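# Summary of the model geometry
Listed below are the residues making up each chain.
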Amino acid sequence: MIEEKIVIGEDTRYPLNGILTLPDGVSENIPAVILVQGSGSTDMDSKISAIKPFKDIAEGLARRGIATIRYDKRTKTYGRKLIKEIKNLTVWDESIEDAIFAATMLRADPRIGKIFIFGHSQGGMLAPRIDAEGGNFDGLIIAAGSTRTLRVILKDQTDELLERYRGPIKWLASKQIKAIFDKFTKLDTLNVEESKDLKMMGGTTGYYFKDMEAHQPDAYLQDFPKPIFVLQGEKDFQVKVDKDFEGFREIMEGNPNATLKVYPGLNHVFTNSYQHGTLKDYKVPGHVDEGLLDDVSAWIHTVDEKVAPEGSDRVAAIDER
């Protein structure tokens, strides 16, 4: 493979370091994938403890004839500066604009053919919006995403976290969590402009959540006309198969362009789960599952033929008239 250093948004206020990874020996019409991270301030490898899932995906797809772009997240590079300069930060400032910059860069590269997005976790939630607001991709890959609101996911995650605590630690954590969700309750009483003055977590305001909830994935995915591949690990404890993956299944029911697959034994970042059911899972060195990479590459290479990866749950077309 070939790795080229790039800068996303080079002439903007927030340029980001990145890498364009290309398969060796291919010079034209290469399919390419833009990798979009989940929540948090993550680097271009989407590193979490001992695992670098985006690095694995970039190298794995290059071995299978597919290019990728990955880059440091804007909040990783600029952090406090970004929050200070943008009072009402939204996912547009955090993720969407840079993904569109990456798509524009790929379209200007004569070596590149079809362009796809691989959105992971919150990046998967945003993928349909990124496509609609300027990404204009040839297909979407939603990996460990969700159709639920961010606040509902956070509530589930914190409730499960509390179950693991005991004694004074549980009491203190309960108090802190209650303070956060009291703000969400207040947010429901505020209009958009008023939400901009409600301080939330991580330097955001209520507008961050109002904006996300006004652009939920289901608003874009009804009768979605492009090929879409939704995938999730069975052992994912951050988003859930029965709540999140099934949400996509319900929305995509009857869409012949949709492919869905659950991967047994894999966690939120698609490495083997050691059944810790906590972030400890990521402290065990591992790599993104090769079978998943086979499926993603096969789907990309055959997307025009709409051939589903073997063993996937392909949503059937249903004529209800």
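Heads up: these notes are all about the structure in this document. (Residues numbered from 1 in each chain as written. Predicted model: local features only at pLDDT ≥ 70, side-chain atom pairs only at ≥ 80, totals over all residues. Heavy atoms only, no water.)

Applying the stated rule across the entire model yields seven aromatic pairs. For the pair Phe 116 and Trp 299, a centre-to-centre distance of 5.7 Å together with 65° between the ring planes defines the contact as edge-to-face. One end of the pair, Phe 116, is in strand β5 (residues 112–120); the other, Trp 299, is in helix α11 (residues 290–301), and 183 residues separate them in sequence. Just as Phe 116 is buried, Trp 299 falls in that class too. Here Tyr 208 and Phe 209 contribute two aromatic rings whose centre-to-centre distance is 5.3 Å and whose plane-to-plane angle is 70°, an arrangement assigned as edge-to-face. (Phe/Tyr/Trp six-rings, centres within 6.5 Å; stacked < 30°, edge-to-face > 60°. Helix = DSSP H or I, 4+ residues; strand = E, 2+ residues; numbered from the N terminus. Buried < 20%, exposed > 50% of the residue type's maximum accessible area, 1.4 Å probe, protein only.)

Roughly 1200 Å³ of internal volume is contained in the largest pocket. Residue lining of the largest pocket: 38 residues in total, with Ser 39, Gly 40, Leu 154, Gln 157 and Gln 238 positioned closest to the centre. Among the elements of the structure, α2 (74–85), α4 (122–135), α5 (150–163) and α8 (206–213) are those that each provide at least two residues to the lining of the largest pocket. Element by element, the count of residues in the lining of the largest pocket is highest for α5, at seven residues. (1 Å grid on protein atoms, 1.4 Å probe; cavity = no way out; pocket = protein on both sides within 12 Å on 5 of 7 lines; lining within 4 Å. Points joined across faces, edges and corners; volume = space filled by probe spheres on them.)

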